[in-house]
Amino acid sequence: MPIDRLRPLPVEKLLSFRRNPDLLQQHRQQTDEMEAIPKFLPSRLLPDDEDAKGASRRMADNDEDALRLPPPRRSPVSMRNLQRDLYSPNQCMNALKVMAAVLTICLVFTTIPLLRRQTVQENDNLRMILLWNEPSQVEAPAHMECGCLVTTSRIHNDKAFDAVVISADHPYSFEGLGGVKLHPDFYVVYAAKKPLSSTQNPLTNFTLPPFNLTMTYRLDSQLIWTDYYFSHTNLARRLKWFRAPSKSFADDMPASTVLRLEAELLKKSRLAVYLVYEVNEETLPESLYMEELRKYAELDAHDNCLGTDDCSHYHFMLIFEPSACPDYVPPQMSMAMDKLMVPVLIGGGNLTNLVPSHSYISSQDFATPQDLILHLKDLANNPLEYRRYFWWHSIYRLRKTSQPYCALCSLIQQAPGGHEVRQRAYSSGFINWWTKYQCPNRSTTFL
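Per an unreviewed UniProt entry, the chain goes by the name Fucosyltransferase and belongs to Drosophila simulans. In its Sequence similarities (unreviewed entry) section, the UniProt record describing the chain reads: "Belongs to the glycosyltransferase 10 family."

Dropping the structure here:
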């Protein structure tokens, strides 16, 4: 008879058999395989058969009792420890984290269908603008910040266009316009940034142009369209008039602006620069005037004023503008002001109420190119007088039009206002708008 069969089992081991019957089966196999009591032991140590059988029966009864024992009860101390662990701050935080995770997952699955429906509704209500003849390097449509989709593709998801923009700055024709899907209240926009004297005449080949909205640099256009515009420092609205210049450079100017401008103006070391142009019959007046200027000063030519060589070390920028179209401001004027150079306009028209007074120099105020050069040299050597050309920084700001079609998009999105503008366009007529504007012929000489 194995020795362990004669020994009573501890209560803990019996309880372990109750919890895990596999341990009981394993224990039985181990005891069966154990070596019996050696025969060399004294007889008084050897149990008789009846004792062995009784011990075996008691062992079996103990095994059955172990299986029938109820689960152990916790002591009061153990119960207090358990409650303390359950209601501890760490356990509460873990429970809150689990609840937050479950709520987040439920919220995500709830909002996904709502976002999908909202996206579908936005696409249905999206306003479409077609650029008819604008050369674009971007083939794919691009969303604008103001809520309209501007594209050069004449077929886009079978959606109707609210406006068709025809740029007069590039060659155009109306061929294919009838095949474009249009909204019932659509606009055909006549757009131009260049002088109208150099654009295609819309009345040459068409008896009645389809334009019902004008978007040009002209102040009598329904929408004024330029790359740059002036506004107050704290408002982005385009200005149409300017006050008289201040007598002093720093009048009404914040101290931070004064320090910034003075630091930039101290960097200037060269007199004047101009952008290179193609020399041909059209640019002959510029070339003749440039030859006269070079007799009295050294002038530099640049391809552009971008990157590290931004031309900011020049006092002046020479700008040749042969046209004298009303309301037209040469783009180089804005570029020079943005680079903190004083523009010197050679040619051009009347810029009153288009740019702040005493912010540029006009060649029309000087009798000869020599007088102009002498005046520029005097200003470069007189910092106090030169700085006065930047007085407008105290109350005005030159802004770049980052989204050129936002004004058109806002007009399209208006409920009744767009119809009123369209009716005014039809009543006055595009033909009258075009013919009443007189743009003087190109200047053949600046001398």
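Asks: Which parts of the structure should I look at to understand the nonpolar core?
Replies: For soluble globular proteins, nonpolar side chains are generally found buried alongside one another. If you look at the biggest cluster of nonpolar residues, it comprises 28 residues, and the most contacted ones within it are Leu-293, Leu-299, Phe-316, Leu-318, Ile-361, Leu-376 and Phe-390. Where this core is concerned, the elements lending two or more residues are helix H6 (255-265), strand S9 (270-275), helix H7 (284-294), strand S11 (314-321), strand S12 (342-347) and helix H9 (369-380). Per-element tally for this core: the top contributor is H9, with four residues. If sequence neighbours within four positions are ignored, Ile-361 has contacts with Phe-316, Val-342, Pro-343, Val-344, Leu-345, Phe-366, Leu-372, His-375, Leu-376, Leu-379 and Tyr-389. Membership of the second largest hydrophobic core comes to 26 residues, among which are Leu-130, Val-164, Ala-168 and Tyr-437.

Asks: Looking at this structure, I do not really get helix H8 (residues 331-338). What am I missing?
Replies: It helps to recall that an α-helix has 3.6 residues per turn; residues three or four apart then point in one direction. Listed in full, the buried residues belonging to H8 are Met-333, Ser-334, Met-335, Ala-336 and Met-337. Looking at the buried positions of H8, the neighbouring elements they touch are strand S8 (228-232), S9, S11, S12 and strand S14 (396-400). Leu-340 sits one or two residues past H8 and shows a positive phi near 60°.

Asks: Explain the sheet that holds strand S13 (residues 361-362) here, please?
Replies: For sheets, the rule is that strands pair by backbone hydrogen bonds, running either parallel or antiparallel. Here five strands make up an open sheet; going across it, the order is S10-S9-S11-S12-S13 and the pairing parallel. The open sheet has two free edges, formed respectively by strand S10 (300-302) and S13, since each of these has just one partner strand. Relative to S11, H7 is tilted by about 150°, and along the sheet it contacts S9, S11 and S12.

Asks: Would you take a moment to explain the state of the cysteines for this structure?
Replies: Disulfide: a covalent bond formed between the sulfur atoms of two cysteine residues. Within the structure shown, the criterion is met by three disulfides. Disulfide pairing is shown between Cys-305 and Cys-311; the S-S distance is 1.9 Å. Residues Cys-305 and Cys-311 are joined by a disulfide whose S-S torsion is about -85°; by sign, that bridge is left-handed. Each disulfide pairs two cysteine sulfurs, and for Cys-325 the partner residue is Cys-439, the sulfurs being separated by 1.6 Å.

Asks: Where do I start with H9 in this structure?
Replies: Between its first and last C-alpha, H9 extends 17 Å over twelve residues, near the 16 Å set by a 1.5 Å rise per residue. What H9 keeps buried is the set Pro-369, Leu-372, Ile-373, Leu-376 and Leu-379. For H9, the arc enclosing every buried residue in end-on projection is 125°, short of the 170-degree limit, so these residues lie on one face. Elements in contact with the buried residues of H9: S9, H7, S11, S12, S13 and helix H10 (383-387).

Asks: Before we go on, may I ask you to explain empty space enclosed by the protein in this structure?
Replies: Empty space among the atoms becomes apparent when a probe as large as a water molecule is rolled across them. Taken as a whole and assessed by the stated rule, the structure comprises one cavity of 30 Å³ or more. If you add up the space inside the largest cavity, you get close to 30 Å³. As for the largest cavity, its lining consists of Met-337, Met-341, Val-342, Pro-343, Ser-359, Tyr-389, Phe-390 and Trp-392.

Conventions used here
Residues numbered from 1 in each chain as written. Predicted model: local features only at pLDDT ≥ 70, side-chain atom pairs only at ≥ 80, totals over all residues. Heavy atoms only, no water. UniProt positions renumbered as here; feature names shortened; annotations may be inferred. Core = buried A, V, L, I, M, F, W, Y, C linked by side-chain atoms within 4.5 Å. Buried < 20%, exposed > 50% of the residue type's maximum accessible area, 1.4 Å probe, protein only. Helix = DSSP H or I, 4+ residues; strand = E, 2+ residues; numbered from the N terminus. Contact = heavy atoms within 4.5 Å. Pairing = 2+ DSSP bridges. Axes fitted to C-alpha atoms, helices over the stretch in contact; angles between N-to-C directions. Disulfide = S-S within 2.5 Å. Expected span 1.5 Å × (residues − 1). Arc of directions from axis to C-beta. 1 Å grid on protein atoms, 1.4 Å probe; cavity = no way out; pocket = protein on both sides within 12 Å on 5 of 7 lines; lining within 4 Å. Points joined across faces, edges and corners; volume = space filled by probe spheres on them.

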